[in-house]
Amino acid sequence: MRVVVPYRVADPKTRLAPLLDREERVSFSETMLADVLDAVTATGHAPTVLATEDVDPSVPGTNVRVDDRPLSDAVNALLGDGPVAVVMADLALATTPALSRLFDADGDVVIAPGVGGGTNALVVRHPDFRVDYHGVSYRDHRRVCERIGAATTTLDSYRLGTDVDEPGDLAEVLLHGEGRSRSWLRDRGVRLAVGEGRVGVRREDDGREWAVEESGVGGADASAERDHDPE
Ligand SMILES: Nc1nc2c(ncn2[C@@H]2O[C@H](COP(=O)(O)OP(=O)(O)OP(=O)(O)O)[C@@H](O)[C@H]2O)c(=O)[nH]1
Ligand SMILES: C[C@H](OP(=O)(O)O)C(=O)O
């Protein structure tokens, strides 16, 4: 089975801008990509990075395919010609066992949904299935499966369900990461910020902080009263 890892090279992870500057977002994206490629490679599959421009991933055995079309168009160009897995590059918690469960699950289409309605990873074995990313793509992909009569499996996986989109997601990487992404955050002084509600993150060096408030809305100055957990 081909395993494809889509990767946008230019100005990545803009939603992390409240905590990471542009150079840091480039470096952190490369680091998450390397974690994903390591985990895929250890399942016994050689991943292909589907990149918007040429990249040099530092993981041996990785192929690169450049396609600067929008995400769904680039992925759909690879579907319909045998089984394909699509694993997003921002799954910093992905592990080899979690990916093996995905690749081995039964179904014409296997979906690992992301928190917030996205589609973090997929296995496509049905010749007529095509992706439609962004928005509530998990729901949209289920509808496509119904329309084409594809047997669908939804994978229950915390590790594949946690994509790193917003600053609050970095807390999950600090808590549960096992690869380079957690070390990258630690090295750059990103720490947990522990308060009354859900744990947030802060920068040790300059006071930038992100709290996930009860409303689910975070903010850089969300709380001056939070304890600062050394972890
Ligand atoms: N090949 C390709 N990959 C993309 C494109 N847009 C996003 N990706 C990748 O798809 C995955 C999910 O991306 P998103 O979380 O939706 O967006 P993002 O660009 O990483 O981050 P934001 O700028 O914060 O929206 C990541 O692995 C991205 O690198 C694209 O246009 N082409
Ligand atoms: C690719 C996209 O990611 P999100 O924008 O939800 O992070 C999706 O999963 O549809």
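Residues numbered from 1 in each chain as written. Chains lettered and ligands numbered in written order. Predicted model: local features only at pLDDT ≥ 70, side-chain atom pairs only at ≥ 80, totals over all residues. Heavy atoms only, no water.

1. Details of the site of ligand 1
Going by this rule: In these notes, residues near a molecule or strand are those with any non-hydrogen atom within 4 Å of it. Definition of a polar contact: a pair of N or O atoms within 3.5 Å, with one able to donate and the other able to accept a hydrogen when the atoms are protein atoms, and with sequence-neighbouring residues admitted only if both atoms are side-chain atoms. Only the protein chains shown count as cover for residues, with accessible areas throughout obtained via the Shrake-Rupley method and a probe of 1.4 Å. Buried and open spaces are told apart on a 1 Å grid over the protein atoms alone, a cavity being a set of points where a 1.4 Å probe fits but cannot get out and a pocket being an open set with protein on both sides within 12 Å along at least five of seven lines. Residues with an atom within 4 Å of a point are the lining residues. Think of it this way: a molecule belongs to a cavity or pocket when more than half its atoms come within 2 Å of the grid points there. Following the grouping adopted for this structure description, the nonpolar residues are Ala, Val, Leu, Ile, Met, Phe, Trp, Tyr, Cys and Pro, the charged ones are Asp, Glu, Lys and Arg, and the polar ones are all others, Gly among them.
Residues in contact with ligand 1 amount to 14 residues; listed here are only the nearest, Arg8, Lys13, Thr14, Leu50 and Ala89. Within the side chain of Arg15, an N or O atom sits 3.0 Å from an oxygen atom of ligand 1. Look at ligand 1: alone it shows 620 Å² of surface, and the protein chains cover 87% of it. With respect to the detected pockets, ligand 1 is housed in the largest pocket. The class makeup of the residues in the shell around ligand 1 is 6 nonpolar, 3 polar and 5 charged.

2. A closer look at the site of ligand 2
Within the structure, ligand 2 sits among Arg15, Leu71, Met88, Gly118, Thr119, Tyr133, His134, Ser137, Asp163 and Asp165. The contact in question runs from an oxygen atom of ligand 2 to an N or O atom on the backbone of Thr119, over 2.8 Å. At a separation of 3.1 Å, an oxygen atom of ligand 2 approaches a polar side-chain atom of Asp165. For ligand 2, the protein covers 84% of the area, taking 300 Å² as the surface of the free molecule. In a pocket analysis with a 2 Å cut-off to the grid points, ligand 2 is assigned to the largest pocket. A per-class count over the shell around ligand 2 returns 3 nonpolar, 4 polar and 3 charged.

3. Regarding the domain arrangement of the chain
Convention followed: Domain segmentation is taken from an automatic or database assignment of domains. Residue contacts are counted whenever heavy atoms from the two residues lie within 4.5 Å of one another. What counts as buried area is the accessible surface, traced by a 1.4 Å probe, that two parts surrender upon association, with contributions from both included. Any Lys or Arg side-chain nitrogen located within 4 Å of an Asp or Glu carboxyl oxygen qualifies as a salt bridge.
Per the domain assignment, the segments of the chain are domain 1 (2-161) and domain 2 (169-219). Between the C-alpha centres of domain 1 and domain 2 the distance comes to 24 Å. Each partner contributes to the interface: domain 1 provides 21 residues, whereas domain 2 provides 18 residues. Here domain 1 meets domain 2 over a buried area of about 1700 Å², counting both sides, of which 58% is carbon and sulfur. The interface formed by domain 1 and domain 2 holds 5 salt bridges in total.

4. Looking at the nonpolar core
Stated formally: Here, the term nonpolar core denotes a set of buried Ala, Val, Leu, Ile, Met, Phe, Trp, Tyr and Cys residues that are joined through side-chain atoms within 4.5 Å. Only protein chains enter the accessibility calculation, which uses a 1.4 Å probe; a residue is then buried when its area is under 20% of its type maximum, exposed when over 50%, and partly exposed in between.
The biggest cluster of nonpolar side chains holds 49 residues, and the ones touching the most others in it are Val87, Leu99, Leu102, Leu122, Phe129 and Leu160. Residues within four places of Leu160 in sequence aside, it is in contact with Leu91, Ala94, Ala98, Leu99, Leu102, Ala112, Pro113, Asn120 and Leu155. Membership of the second largest hydrophobic core comes to 19 residues, among which are Ala171, Trp184, Val199 and Trp210.

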